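Analysis of the macromolecular model
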Amino acid sequence: MKRAASPSENEAVAQRLKKEAAAAAPTPAPAKDNGEVPEGFMKLTEGSASMLYECRAEDTKTRGKGKDDGPVFYNKVQVFNRDVSVLVMALFAQWRYIEKRERQAGADARKAGGDGAAAAEAERARLYALSAAELDELLREDAATGGLRVLDALAATGLRSVRYAKEVPGVKKVISNDIEAEAAKKCQENATSNGCESLVEAVCGDAVAHMINSRGDPYDVIDLDPYGSAAPFLDGAVQAISDGGLLCVTSTDMTVLSGGYPEVCYAKYGAMPTKAKHLHEYALRVLLHAIEASATRYARHIVPVVSLSIDFYIRVFVRVYKSPSNVKHTIGRRALVLQSAGCPSFYLQPLGSPTQRDGGYTCGRLHEPPRKINQMGRRAQRRAEEEEAEDEEEEEDFDPEAVAPARCAETGAAFKIGGPIWSAPIHDAEWVAAALDRVAAECDEHLSTTERIHGVFTAVSEELMDVPLYYTIPDICKTLHCAAPKLCEVRAALQHAGYRSSQSHRDPDAIKTDAPPRVLWDVFRCWVKKHPIAAKRLEDKDSAAAKILSVEPILEANFSTTAALRQKQTKARRWAPNPEEYWGPKAAARGKKKARK
């Protein structure tokens with residue numbers, strides 16, 4: 001087994017790289033002097049950063065097929081990823097500063113014999129009243145002493161590191177790490193050419209070893225943007241992040257996460273995929289489950305702030321907190337997915353059921369209604385139970401039809417067992433609203449994808465954040481062989497029946513709803529009555545369509561749109577098309593493999 005580099009060795013390598021970058025006559029020099037781009041290079045500008053990228057395709061896995069490939073990995077498709085990361089990190093810097101000042105105000109007041117809680121609340125109110133630009137200025141003033149320490153663990157060209165240093169207010173230091181010596185050298189060159197060498201430090205080493213060695217001096221932000229799966233890096237990342245720090249994680253292995261290789265998905269993430277149409281959100285929840293599973297080993301837990309499925313990858317932003325007491329509730333944030341093998345119906349089965357013991361859980365029970373998650377103290381829970389007992393007419397706070405039957409109630413098919421997945425909310429509404437406000441205020445002038453950011457975050461803000469997974473109308477109509485209704489008609493029918501619904505930020509045909517499967521199928525049974533299908537479609541009595549449509553609907557669906565649905569939506573391009581052809585993943589650089597020959 002290869003020995004992990006020690007901190008002293010990493011520091012020595014970093015100093016050597018700095019000296020090499022300073023001593024060598026770097027190729028980008030002509031572009032800096034006279035604007036000319038040397039042969040075999042192309043100039044890349046993204047946000048406030050620019051660099052000369054060497055197009056040496058023969059040294060990549062494409063073996064010369066990609067004219068814009070080079071020995072150090074770069075993918076322009078990820079510009080949206082990097083723009084969103086700059087935005088979310090700027091928000092984190094503000095939240096962190098407010099929390100720090102709030103704690104300090106409370107401590108100072110208590111030390112002086114005053115009311116610490118009142119002082120903390122007053123300080124929070126004062127800072128909340130400031131504009132984003134005013135908070136950014138405070139962050140810049142505080143950067144030298146209390147600024148963010150950021151680790152770009154898999155830096156490649158270092159373009160992301162440079163952007164963080166130049167565009168995120170309040171950054172104190174960015175460590176730009178890559179296992180490839182050529183990439184680490186390019187990181188330092190790019191930092192120097194962009195004038196931020198004092199903020200960006202290139203390190204050549206294994207990312208996992210670096211994070212493990214950094215446990216004693218944790219980072220405020222860790223960015224994991226690997227080529228493929230982030231799974232190998234999660235355990236080290238949750239140990240190297242500070243209490244309340246921000247962990248930014250990308251995974252591009254969507255073939256695995258979406259169910260193409262279920263055994264590989266389980267081996268990497270500890271969860272089984274179901275290969276249903278909600279695969280994009282399912283992948284997000286599998287990744288969040290994996291991060292939480294790593295964090296709880298070290299008495300930590302996560303709080304997702306934004307989780308996005310974009311193009312060919314997923315990107316999540318979570319805060320990591322150290323709280324042994326909260327870790328006990330992690331089982332209440334996980335669930336299995338029972339996916340019908342005969343139709344799109346699915347049910348969530350919580351892994352644990354709360355007990356009367358404060359914070360205690362026992363095994364979840366199949367085909368039984370879940371007990372209300374208890375995160376209150378024992379006395380508070382007892383008082384709540386007494387108050388409920390006083391009201392004899394109070395009904396149960398769950399829908400019995402949301403409990404999974406032994407077999408699919410619509411088709412009689414067996415269930416495929418997926419998960420465990422993260423079943424708690426994957427977004428924080430306050431963060432999403434703050435991101436939209438920051439975009440509207442144009443605080444981050446270097447972002448080039450603000451229109452798309454506004455569209456995606458608007459779609460996120462409109463999601464039902466407490467409802468996991470979704471159906472898609474084309475998938476339901478394919479099952480029934482029927483014409484597709486308008487999305488607004490389906491949502492109107494659900495709303496008339498007393499249920500909520502929304503779309504998904506990833507799929508414009510998706511419908512998230514808290515209605516149980518039977519209600520949704522009743523809506524479509526009523527739709528088919530109004531728009532009959534050909535009789536030959538139902539000749540096979542064993543088909544899913546014949547079984548579903550043979551049942552008379554209990555619900556009388558009303559498809560007339562409601563005033564709430566007719567309200568004018570925020571103008572935003574929620575599902576933008578790809579900006580150009582072949583907008584997808586790119587072949588990895590060969591780097592290390594070439595060096596071994």
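Residues numbered from 1 in each chain as written. Predicted model: local features only at pLDDT ≥ 70, side-chain atom pairs only at ≥ 80, totals over all residues. Heavy atoms only, no water.

This next bit is on the packing of aromatic side chains. Evaluation of the coordinates by the stated rule reveals 6 aromatic pairs. Taking 5.7 Å as the distance between ring centres and 85° as the angle between the ring planes, the aromatic pair formed by Tyr347 and Phe415 counts as edge-to-face. Linking Tyr347 in strand β11 (residues 346–350) with Phe415 in strand β14 (residues 415–422), this pair joins segments that are 68 residues apart in sequence. Summarising the burial analysis for this pair, Tyr347 and Phe415 share the class buried. With a centroid separation of 5.5 Å and 70° between ring planes, the pair formed by Trp527 and Phe559 is classed as edge-to-face. Taken as a pair, Trp527 in helix α19 (residues 517–530) and Phe559 in the loop between α20 (544–549) and α21 (563–566) lie far apart in primary sequence, 32 residues in all. Residues Trp527 and Phe559 agree in their burial class; the two are buried. Taken together, the aromatic side chains of Trp95, Tyr128 and Trp431 make up a single cluster linked through ring pairs. Above the plane of the ring of Tyr219 lies Arg149, whose end atom (NZ or CZ) is 4.5 Å from the centre. The residue whose ring lies beneath Arg452 is Phe80, and the NZ or CZ to ring-centre distance is 4.4 Å. (Phe/Tyr/Trp six-rings, centres within 6.5 Å; stacked < 30°, edge-to-face > 60°. Helix = DSSP H or I, 4+ residues; strand = E, 2+ residues; numbered from the N terminus. Buried < 20%, exposed > 50% of the residue type's maximum accessible area, 1.4 Å probe, protein only. Lys NZ or Arg CZ within 6 Å of the ring centre and 35° of its normal.)

On to unusual backbone geometry, then. At the junction of Gly419 and Pro420, the peptide bond is cis and its omega measures out at 5° in the coordinates. Structurally, Pro420 is set in strand β14. Positive phi values are uncommon outside glycine, yet Ala299 reaches one of about 60°. Relative to the assigned elements, Ala299 resides in the loop between α12 (279–296) and β8 (300–310). Accessibility expressed as a relative area gives 21% for Ala299, which makes it partly exposed. Non-glycine residue Leu469 carries a positive phi angle of around 65°. Among the secondary structure elements, Leu469 is positioned in the loop between α16 (450–461) and β15 (471–472). The class for Leu469 is buried, based on a relative accessible area of 1%.

Moving on: the confidence of the model for the protein. In this model, the protein carries a mean pLDDT of 86, and residues with pLDDT of at least 70 account for 82%. Within the model, the stretch residues 1–5 combines pLDDT values under 50 with 5 contacts to residues more than four positions away or in other chains. (pLDDT = per-residue confidence, 0-100. Contact = heavy atoms within 4.5 Å.)

All right, on to the side chain of Ser294 then. Topologically, Ser294 is positioned in helix α12. With residues up to four places along the chain from it excluded, the contact list for Ser294 reads Leu234, Asp235 and Val238.

Another point: helix α3 (residues 79–111). For α3, built from 33 residues, the straight-helix expectation of 48 Å at 1.5 Å per residue is met to within 8% by its first-to-last C-alpha distance of 48 Å. In terms of burial, α3 is largely enclosed, as 24 of its 33 residues are buried. Once α3 finishes, Gly113 follows within two positions and takes phi at roughly 85°, a positive value. (Expected span 1.5 Å × (residues − 1).)

Taken in spatial order, the 3 strands make up an open sheet running β11-β10-β14, and their pairing is antiparallel. Because the sheet does not close on itself, it has two edges, and the strands there are β11 and β14. Recorded for the sheet is a direction-independent mean angle of 25° between the axes of neighbouring strands. Bridge analysis of strand β10 (residues 334–340) against β11 gives 5 bridges, and the strand direction is antiparallel. Paired with Gln339 across the two strands is Phe346, which belongs to β11. (Pairing = 2+ DSSP bridges. Axes fitted to C-alpha atoms, helices over the stretch in contact; angles between N-to-C directions.)

The next thing to look at is the pairing of β14. For β14, the tally of buried residues reaches 6 of 8 residues, placing the bulk of the element in the interior. Bridge count between β10 and β14: 6 bridges; the pairing is antiparallel. Residue pairing for β14: Gln339 is matched across the bridge by Lys416.

Applying the stated rule across the entire model yields 30 salt bridges. Here Asp522 makes a salt bridge to Arg518, at a shortest N to O gap of 2.6 Å. Taken together, the residues span about one helical turn, with Asp522 and Arg518 both in helix α19 at a distance of 4 residues. Overlapping salt bridges bring together Glu46, Arg82, Asp83, Arg163 and Glu167 as one network. (Salt bridge = Lys/Arg side-chain N within 4 Å of Asp/Glu carboxyl O.)

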